[in-house]
Amino acid sequence: MRFSRLKLENWRNFLAVDVPLRRRMFVIGPNASGKSNLLDAFRFLRDIANPRGGLQQAVELRQGVSQIRSLHARAQPNVAIHVEVDLADGEPWTYRLEFAQDKRHRAIVRREEVGHGGTSILRRPDPLDKSDPSRLTQTHLEQVNANREFRPLQEFLARVQYLHIVPQLIRQPQRWESLPDDPSRTGRSGCSDSSGSSWTASRRSCWRNPNSPSIGRSSGTCPPCLRESPGAWIGRCS
Ligand SMILES: Nc1ncnc2c1ncn2[C@@H]1O[C@H](COP(=O)(O)OP(=O)(O)OP(=O)(O)O)[C@@H](O)[C@H]1O
Ligand SMILES: [Mg+2]
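Residues numbered from 1 in each chain as written. Chains lettered and ligands numbered in written order. Predicted model: local features only at pLDDT ≥ 70, side-chain atom pairs only at ≥ 80, totals over all residues.

1. A look at the overall build of the protein chain
The criterion, for reference: Counting from the N terminus, the helices are DSSP H or I runs at least four residues long and the strands are E runs at least two residues long. The exposure label follows from counting other C-beta atoms within 10 Å of a residue's C-beta, where the C-beta atoms are placed from the backbone and the thresholds are 20 or more for buried and 12 or fewer for exposed, leaving partly exposed in between. The contact rule is simple: place each C-beta atom from the backbone, and if two of them lie within 7 Å, those residues are in contact.
Scanning the protein chain for helices and strands turns up 8 helices and 8 strands. For the protein chain, buried positions account for 30% of its 238 residues. In the protein chain, once contacts between residues fewer than 6 apart in sequence are set aside, the share between residues at least 24 apart is 55%.

2. Focus: the sheet that holds strand 2 (residues 14-20)
Formally: Pairing between strands is defined by DSSP: at least two bridges between the two strands are required. Here the axes come from fitting lines to C-alpha atoms, over the contacting stretch only for helices, and the angles between their N-to-C directions go from 0 to 180 degrees.
Spatial strand order, 2-1-3-4-5-6: 6 strands in an open sheet with antiparallel pairing. Both edges of this open sheet fall to strand 2 and strand 6 (119-124), since each of them pairs with a single strand only. Within this sheet the neighbouring strands show an average axis-to-axis angle of 10°, counted without direction.

3. Looking at the environment of Leu71
Along the chain, Leu71 turns up in the loop between helix 3 (65-68) and strand 3 (79-86). C-beta crowding within 10 Å serves as the criterion here: with 11 such atoms nearby, Leu71 is assigned to the exposed category. For the pair Leu71 and Leu15, spaced 56 residues apart in the sequence, the C-alpha separation amounts to 8.9 Å.

4. Some details on unusual backbone geometry
A cis amide bond, omega 5°, links Arg124 with the succeeding residue Pro125. Within the secondary structure layout, Pro125 lies in the loop between strand 6 and helix 4 (127-131). One non-glycine residue with positive phi stands out, namely Ala32, at about 65°. Along the chain, Ala32 turns up in the loop between strand 2 and helix 1 (35-49).

5. Points about the site of ligand 1
To keep it simple, the criterion reads: What makes a residue near a molecule or strand is its C-beta atom, placed from the backbone, lying within 6 Å of it. Classification convention: Asp, Glu, Lys, Arg as charged; Ala, Val, Leu, Ile, Met, Phe, Trp, Tyr, Cys, Pro as nonpolar; all other residues, Gly among them, as polar.
For ligand 1, the set of nearby residues contains 15 residues, the closest of which are Asn13, Asn31, Lys35, Ser36 and Asn37. In terms of residue count, helix 1 provides more of the shell around ligand 1 than any other element does, 3 residues in total. Looking at the shell around ligand 1 residue by residue, the classes come out as 2 nonpolar, 10 polar and 3 charged.

6. Observations concerning the nonpolar core
Quick reminder of the rule: Here, a nonpolar core means buried Ala, Val, Leu, Ile, Met, Phe, Trp, Tyr and Cys residues linked by C-beta atoms lying within 7 Å of one another.
Counting 34 residues, the largest nonpolar core has Leu45, Ile81, Phe99 and Leu153 as its most contacted members. When contributions to this core are tallied by element, the ones reaching two or more residues are strand 1 (2-11), helix 1, helix 2 (55-61), helix 3, strand 3, strand 4 (93-101), strand 5 (107-116) and helix 5 (151-158). Not counting chain neighbours up to four residues away, the residues in contact with Ile81 comprise Leu8, Trp11, Ala41, Phe44, Leu45 and Leu97.

7. Regarding the pairing of strand 4
Note that strand 3 and strand 4 share 7 bridges and pair antiparallel. Bridging from a neighbouring strand, Glu84 pairs with Thr94 of strand 4. With antiparallel pairing between neighbouring strands as the criterion, strand 3 and strand 4 make up a hairpin whose turn holds 6 residues, including Gly90 at a positive phi of roughly 85°. Linking strand 4 back to strand 5 in an antiparallel pair, the connection comprises 5 residues, with His105 at a positive phi of about 65°.

8. Structural notes on the pairing of strand 5
As judged from the 9 bridges shared by strand 4 and strand 5, these two strands associate in the antiparallel manner. In the strand pairing of strand 5, Arg96 is matched with Glu113. Pairing geometry for strand 5 and strand 6, over 5 bridges, is antiparallel. Residue Gly115 lies in a different strand from strand 6, and its bridge partner there is Ser120. In this structure, the hairpin formed by strand 5 and strand 6 is closed by a connection of 2 residues, where Gly117 is found at a positive phi of approximately 60°.

9. Observations concerning the packing of helix 1 against helix 5
We count it as follows: When describing relative orientation, an angle under 35 degrees is termed roughly parallel and one over 145 degrees roughly antiparallel, while 65 to 115 degrees is termed roughly perpendicular and anything else oblique. Crossing handedness is defined as follows: a turn of the near helix away from the far one that is anticlockwise and smaller than a right angle gives a left-handed crossing, while the clockwise case is right-handed.
Where helix 1 meets helix 5, the closest approach of the two axes is 7 Å, and the angle between their N-to-C directions is 120°. Taken together, the axes of helix 1 and helix 5 are oblique relative to one another. Note on packing geometry: the crossing formed by helix 1 with helix 5 is left-handed. From helix 1, Leu45, Arg46 and Ala49 reach across to helix 5, where they touch Gln154, Leu157 and Ala158. Each residue belonging to the contact of helix 1 with helix 5 can be placed in one class, and the counts come to 4 nonpolar, 1 polar and 1 charged.

10. Some thoughts on the environment of Leu38
Looking at the secondary structure, you find Leu38 in helix 1. Of the residues examined, Leu38 has 19 C-beta atoms within 10 Å and is grouped as partly exposed. When the C-alpha positions of Leu38 and Val17 are compared, they lie 9.3 Å apart, and in sequence the two are 21 residues distant.

Geometry only, nothing functional implied.
Right, here's the structure in full:
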């Protein structure tokens with residue numbers, strides 16, 4: 001199960017990008033070239049599809065549509081994300097979301113489409129949306145009573161993880177394995193996700209590397225290994 005294509009329009013610094021994806025991809029570029037912005041598109045979909053999330057929350061987490069929408073976009077007010085996904089059933093899925101901002105600064109769905117094996121199974125706005133425009137403040141991706149026909153896609157998107165790997169852990173794993181167990185560790189697996197909830201959970205499982213002050217710099221806070229901030233701490237990867 002994997003993403004096989006990502007297309008973005010007016011997303012952050014990308015006016016338009018179309019990336020066919022293989023099983024393993026490396027995103028390489030200078031600082032501020034948009035690597036994190038590109039990857040954030042997957043997390044954005046995860047935040048929408050997450051049962052505890054949704055479009056409004058995903059947008060608020062990113063300080064609103066005005067921050068997400070490309071500053072270079074002029075006439076076109078919509079932000080668009082389009083993904084193609086191969087799940088276990090062999091038929092490709094497509095999900096396309098276009099959104100903009102209304103006068104109350106809410107994100108508004110301009111277009112939401114789901115396809116499966118070349119067949120359209122969702123196309124919005126539909127007649128119900130036109131009769132009740134408030135419906136367009138939510139995607140069908142986030143609504144269990146609306147996404148039944150594409151639940152496998154919703155579940156896939158909700159499971160997206162963003163692991164922020166600490167290079168030192170990759171290069172020298174044996175160096176960290178011998179450190180004593182932290183009794184308060186939460187038992188999360190992997191190097192964690194950067195969502196707010198895992199931050200709280202993994203905070204307790206952070207420890208400082210006593211041999212590497214350059215890594216274990218005391219910063220007052222405890223960013224786990226997966227946080228996007230420059231790693232002052234090494235988080236325990238259970
Ligand atoms: N809405 C937006 N419109 C246009 N540009 C934007 C928008 N939001 C962010 N940017 C630009 O995106 C750039 C930052 O991109 P990003 O953080 O993804 O870079 P990066 O490649 O991950 O950099 P680094 O290597 O430092 O982590 C900045 O130049 C910023 O001005
Ligand atoms: Mg970055």
